[in-house]
Each structure stands twice: as C-alpha cells, then as structure tokens.
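Now for the letters of each chain:
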Amino acid sequence: MNMIGRTMTDPLEQAAEVLTGAPDVALACHINPDPDALGSMLGLAEFLRARGAKVVASFGNVPFEAPRWIGALSGADALVPPNEFPKSPDVMVTLDCASTDRLGSLLGSAKKAKELIWIDHHVSNEGAGTIPIIDPAASSTAEMVYRLMRRIGGEIPAGAAASLYAGIVTDTGRFQYQSTSPETLRLAADLRTHEFDHARLAQAMFEDNSVAYLRVLATALGRLELVPDADLVWTYLTQEDIGKENIPMGETDDLIDVIRSAREADVAAVLKQQRDGRFKVSMRSRGNHDVAAIAAERGGGGHRLAAGYTAKGSLQDAARDLVEALKASSKVA
Ligand SMILES: [Mn+2]
C-alpha cells in the first residue's frame, strides 16, 4: 500500500486492510476492563483467529486478574498475562482506551508496535497510534469493532458475536443511554441472530452480586449526602469498608448506577479510596451537566454524562472541590 493510497482511504478501511493481511496480531484493552473493553477484545480475537491469524490478547493489570464475568465470554483462551505480551508487535490493536496510560504495563509494547490501530469511542480521546479510529458517537467500542469486522468481511463466530453483544449491552446501560442509536439496535439485532444465550450473558453481567457486595452497598447508601446547591448526591467507600467484607474495589463498579437513580440531584458521584489512599471520583449526570469537563480539568476523562478522575487530598478536600466545581459549572441547556 503506498502512502498516497493510504491518505485517501478512511481509517476503518486502513485497519481492515492491515488486519486482513496480518499473520500475527496483538490486542490490548484498558486496565481493569469492563465488558466493552474485554468483549471487544475477545470478540476481535475470536474473529481474527477464525480467519487464521495468530492472536494474543491482554490488559496491563499487575497482578493480572480477570473479572469474574469473563467466564460468560468465549475467546478467553487468547488471553496472556502482560509479561507474555509481545514487546514490539508488528500489528497491535487497542480497544476502549481513552488515553495511552489506560494501557498500564502494555504501554511499552504500544510504543514499539510497527502498526498501532487505536479503536475507541471516548469523547476525551485525542487519538493515538498509526491508525486512530475514534468515534465519540458510537455507543461502545464493541459497536466499532463490529463495523470493522463487517469491513473485513467473512463469518462472525457466535462466540465473537456474544462478546460484542456483551460490550454493547453494558456500555448502553442495557440500551437506556442516549448513545443508543437506531444503528446500535440494528447492530445488536444482527448480533442476536447468532446462536448464544443472551439471557445468561445478561445475568452474568448484571445479576451476579455477592452478599458481601450488597453489605458494602448498604454502607455506601447509609452515607448518602444530598447537596442541593450543587445539584449533587454523593457517597464514598474506603479501603476499610471493602476490607471488612473482603471484596476488591472493582466489585463496587455498579454502585454509581444505584446512586444516580436519585431524582433529587442531576449529578451523582461516588468517591472510592484506592490502595494508595487517594480517592477516585466517578460521576454521572442525568443530562444537565457536562461531567467530562469537570473530570478533564482534574486530569481525568470520560463522556459528557459519565466521567471520572483521581482527586488530590483527603476525602473532605475531594468532596469540597467537587461541590465547588459543580456550583461553578454552567448547566447545559
Ligand atoms: Mn466503552
């Protein structure tokens, strides 16, 4: 492919061409992967393997721990721990990474990759790699991977369809969020024509809480604070809280979805203490605030209605800063 030809084709076409010809492909999704990141990656892995490519997939968590729901997805046999990931891959694809630091320990491989295809839908993404495919209008990275598969052509294995479906269902909040377009629904319908148990998949993703998590949820709900001046409802969890119930902080990812159902405030936030003592702030807006802007000003990122950052200082400092930011932020009409 010559350079002129290349500048004239769109990134999706470029990526399709590269992946069609590549015998070895290395896939990476973001650290602490959600079903969109992992589903996109394992789906693409299974698809490319069915086409005869050798594929490895990973994410840069150290220690390397897969989320519990990975058992509901197929294609996991492509997974390797980060230390077995190629150091300078010929072709590497990143999935659902809003920024390079989301690669964790796999960033070095991305820097040395000859061809780096960067697939993401976060609005804060500035794009990276030799072939950036960024679509903030896409409901999910899985939706974008599906388009890429269609462009490459050929059969989509049922397992790959299930993995993409998991990503779409999750990132659209089960088809509730604004990002759910007619195209998203058509694409989900297409995926559902494949033979897989979507009800079991949904159960593994959404109805699989431990009693320990529900107790931690009770602790968080017991501390709920409403700040009407800031249009905010918020709560927090400390390392001690999760230590008591012996669950990892990652198991509390869905807590924000309970908090944001409060009708009295537009913005919901959960402040979670990390192992280093700092508080990670997750925010959701019901539609009237651009929380991505607040996150970006604090070194974080995300979407207009769902974003996050790591706060400086104590819990009190972090909460005060958030309240001030919301009071200052002009509402989106
Ligand atoms: Mn996503």
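In what follows, the structure referred to is the one given above.
Calculation notes
Residues numbered from 1 in each chain as written. Predicted model: local features only at pLDDT ≥ 70, side-chain atom pairs only at ≥ 80, totals over all residues. Heavy atoms only, no water. Donors = N, O, S within 2.8 Å, 3.2 Å for Na, K, Ca; no water. Helix = DSSP H or I, 4+ residues; strand = E, 2+ residues; numbered from the N terminus. Buried < 20%, exposed > 50% of the residue type's maximum accessible area, 1.4 Å probe, protein only. Expected span 1.5 Å × (residues − 1). Arc of directions from axis to C-beta. Pairing = 2+ DSSP bridges. Axes fitted to C-alpha atoms, helices over the stretch in contact; angles between N-to-C directions. Contact = heavy atoms within 4.5 Å.

## Notes on the coordination of the manganese ion
1) Next: Within the protein, the manganese ion binds to Asp36 (OD), Asp96 (OD), His121 (NE2) and Asp171 (OD); these donor distances fall in the range 2.1 to 2.4 Å.
2) Next: Donor residues for the manganese ion sit on one chain with the sequence pattern D-x59-D-x24-H-x49-D. Residue His121 is located in the loop between β4 (115-120) and β5 (131-134), and its partner Asp171 is located in helix α6 (residues 158-171); the two are separated by 50 residues in the primary sequence.
3) Next: Taking relative accessible area as the criterion, Asp171 reaches 16% and is therefore assigned buried.

## Topic: helix α13 (residues 315-328)
1) Next: Between its terminal C-alpha atoms α13 stretches 20 Å, which fits the 20 Å expected from 14 residues at 1.5 Å a residue.
2) Next: Listed as buried for α13 are Leu315, Ala318, Ala319, Leu322, Val323, Ala325 and Leu326. The buried side chains of α13 occupy one side of the element, clustering within an arc of 160° when seen end-on. Facing away from the buried surface of α13 by more than 90 degrees, the exposed residues are Gln316, Arg320 and Ala328.

## As for the sheet that holds β4
1) Next: Strand order in this open sheet of 5 strands is β2-β1-β3-β4-β5, and the pairing throughout is parallel. Across the chains shown, the open sheet's two edge strands, defined by having one partner strand only, are β2 (54-59) and β5. Each strand axis lies, on average, 15° off the axis of its neighbour in the sheet, ignoring direction.
2) Next: When strand β1 (residues 24-29) meets strand β3 (residues 91-95), the two strands line up parallel, connected through 4 bridges. Its bridge partner being in β3, Ala26 is matched across the sheet by Met92.
3) Next: With respect to the sheet, helix α2 (residues 11-21) is in contact with β1, β3, β4 and β5, its orientation differing from that of β5 by roughly 125°.
4) Next: The strands touched by helix α3 (residues 35-50) are β1, β2 and β3; relative to β1, the strand with the most contacts, the crossing angle is about 170°.

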